[in-house]
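Spelled out, the chains give:
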Amino acid sequence: MHFKQFYMGCLAHASYLVGDGGEAAVVDPARDVEPYLEEARARGLTIRWVLETHLHADFVSGHRELAARTGATVAIGRKADAQYPHKGLGEGDEIRMGNVRLRAIETPGHTPESLSFLVYERAEDAEPWGVLTGDTLFVGDVGRVDILSSRLPVTELAGLMYDSLHGKLLRLPDATRVFPAHGAGSLCGRSIRPETWSTIGQERAMNPALRPMSREEFVADITRDVPETPVYFLHSRDLNRAGPALRAEAEMPPLLPPRAFASAAKEGALILDTRDTAAYGAAHPPGALHVGLDGQYASWVGTLARPEDRLLLVAEPERTEEAVMRLARVGYENVIGVLDGGMEGWKQEGLPVASIPQERVDRALRPGRRVLDVRRPGEWESFHLKGATLIPLAQLPEKLGTLDRDADWVIVCASGYRSNMAASVLERAGFTHITNAVGGMDAYQRMGLPVEVGAGAS
């Protein structure tokens, strides 16, 4: 058996290729499918199947692209109501490739149609070598049930999740390898561990969501203290149900001269500055939203911008294609232009330039300044600054009205990445006294400076 995990850190997304006897299946593929094609060619495998554990909400799947490129059959749970050509799968359905077999088991909860796939290394094996759990079971966590992926009540989905975990997955042998669809940082879970695979035995022993509890206790626990749901999730889910457009047919957006770029922005297009924190802070077009490529770029664009927004990109020339492709991974494909000549060309045209001061965190936090902490509540509870205001970045656009526009704001997060995004949100809303704290709270704590612990927030 050939088995390979593909891990995409920017979306904390894991996908898989498994095969034998010259044939292979790809499970939960990303939008850019070339890595699977390259792996299959290198191993002498033909991709016959594209398997989906569920209708993904946090990224746009490459299922249709792979099917078009290879002639493979796409298979997904029968309850998915998929609108593209596919084979519906249910409990016990099997797919064979050489001496390897995959068996579908229905594991609803995260979504009603969720499947897991048991992987048998040899067709005659009585016990599975591993299980591909999709968004049902993660390393150290279980899937969320509140992402509006169905019309079922959250409590009903939570009950189905309990049944899937305790009635099926936890009945597998302890040695069974667990390969989920996401890792740490994904918003499909609450506290996923950094490891990208595990075993049933390890999860039984270590996973807090699997500790002994009644079905009622599990439902109450899994529906409490859940993270935000980004605005792009339902957009991605609907694209995955309908079958997304083929990326092979897409063209790169045009390079726009600075004045044409500025004119498009004036007409309502959103400027998205994808450069690093320092470059954006030093000079950017007024009103640009900053989301740097060196982080969870696509997820944050999908949180702070709307799927229908027309986008204008400011990007380093060598990373423009990356910026466009990573947006496509979450279904944001309405990029109407890229700034030709970058900020140097913009300045040469005499167009207005904005900047946001970037100060080391210990220097930025001086008397007379207000502190806005844009981390998540769990991070805040671990440690925070006395007197700071907590508004998680995902909630900031809707809560700007609670902030004093005349105050001198220093914005902090863990490292300075999210805080610079928050600074751009404030600038777009007309705030004029903004400083980004470089290094963030992690650097502040390493310096041994005083912090508070607990949930209290101003």
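For the structure, check the block above.
A brief structural summary. (Residues numbered from 1 in each chain as written. Predicted model: local features only at pLDDT ≥ 70, side-chain atom pairs only at ≥ 80, totals over all residues. Heavy atoms only, no water.)

### Brief notes about the overall build of the protein chain
Reasoning step 1: Each helix and strand counted, the protein chain has 16 helices and 24 strands in total.
Reasoning step 2: A compact globule built from 458 residues would reach a C-alpha radius of gyration of about 23 Å, and the protein chain, at 23 Å, matches this within 12%.
Reasoning step 3: The C-alpha extent of the protein chain, read off along each of the three principal axes, is 70 × 50 × 40 Å.
Reasoning step 4: Counting across all 458 residues of the protein chain, residues that qualify as buried make up 56%.
Reasoning step 5: Looking at charge distribution, the protein chain has the averaged site of its 50 positive side-chain charges lying 1 Å from that of its 62 negative ones. (Helix = DSSP H or I, 4+ residues; strand = E, 2+ residues; numbered from the N terminus. Rg over C-alpha atoms; globule rule 2.2 N^0.38 Å. Buried < 20%, exposed > 50% of the residue type's maximum accessible area, 1.4 Å probe, protein only. Lys, Arg positive; Asp, Glu negative; His and termini not counted. Charge placed at Lys NZ, Arg CZ, Asp CG, Glu CD.)

### Details of the layout of surface pockets
Reasoning step 1: Taken as a whole, the largest pocket holds about 560 Å³ of empty space.
Reasoning step 2: If you go around the largest pocket, you meet 26 residues; those closest to its centre are Arg190, Pro227, Arg376, Gly378 and Glu379.
Reasoning step 3: Of all the elements in the fold, those that place two or more residues in the lining of the largest pocket are α13 (377-382) and α15 (417-428).
Reasoning step 4: With four residues, α13 is the single largest residue contributor to the lining of the largest pocket.
Reasoning step 5: Per-class residue counts for the lining of the largest pocket are ten nonpolar, nine polar and seven charged. (1 Å grid on protein atoms, 1.4 Å probe; cavity = no way out; pocket = protein on both sides within 12 Å on 5 of 7 lines; lining within 4 Å. Points joined across faces, edges and corners; volume = space filled by probe spheres on them. Nonpolar A, V, L, I, M, F, W, Y, C, P; charged D, E, K, R; others polar.)

### What about empty space enclosed by the protein?
If a probe the size of a water molecule is rolled over the atoms, the empty space left behind becomes visible.
Reasoning step 1: Using the criterion set out here, one finds two cavities of 30 Å³ or more in the structure.
Reasoning step 2: Reported here for the largest cavity is a volume of approximately 130 Å³.
Reasoning step 3: Along the walls of the largest cavity sit 14 residues, with Gly185, Leu187, Tyr232, Gln296 and Ser299 positioned nearest its centre.
Reasoning step 4: Among the elements of the structure, α6 (232-242) and α9 (297-304) are those that each provide at least two residues to the lining of the largest cavity.
Reasoning step 5: Examining the composition of the lining of the largest cavity, we find that three residues originate from one element, α9, more than from any other.
Reasoning step 6: Estimated volume of the second largest cavity: approximately 40 Å³.
Reasoning step 7: Forming the boundary of the second largest cavity are Gly77, Arg78, Lys79, Leu89, Glu106, Pro112, Glu113, Ser114 and Leu115.
Reasoning step 8: Of the residues assigned to the lining of the second largest cavity, the class counts are three nonpolar, two polar and four charged.

Read these as spatial facts, not as claims about activity.
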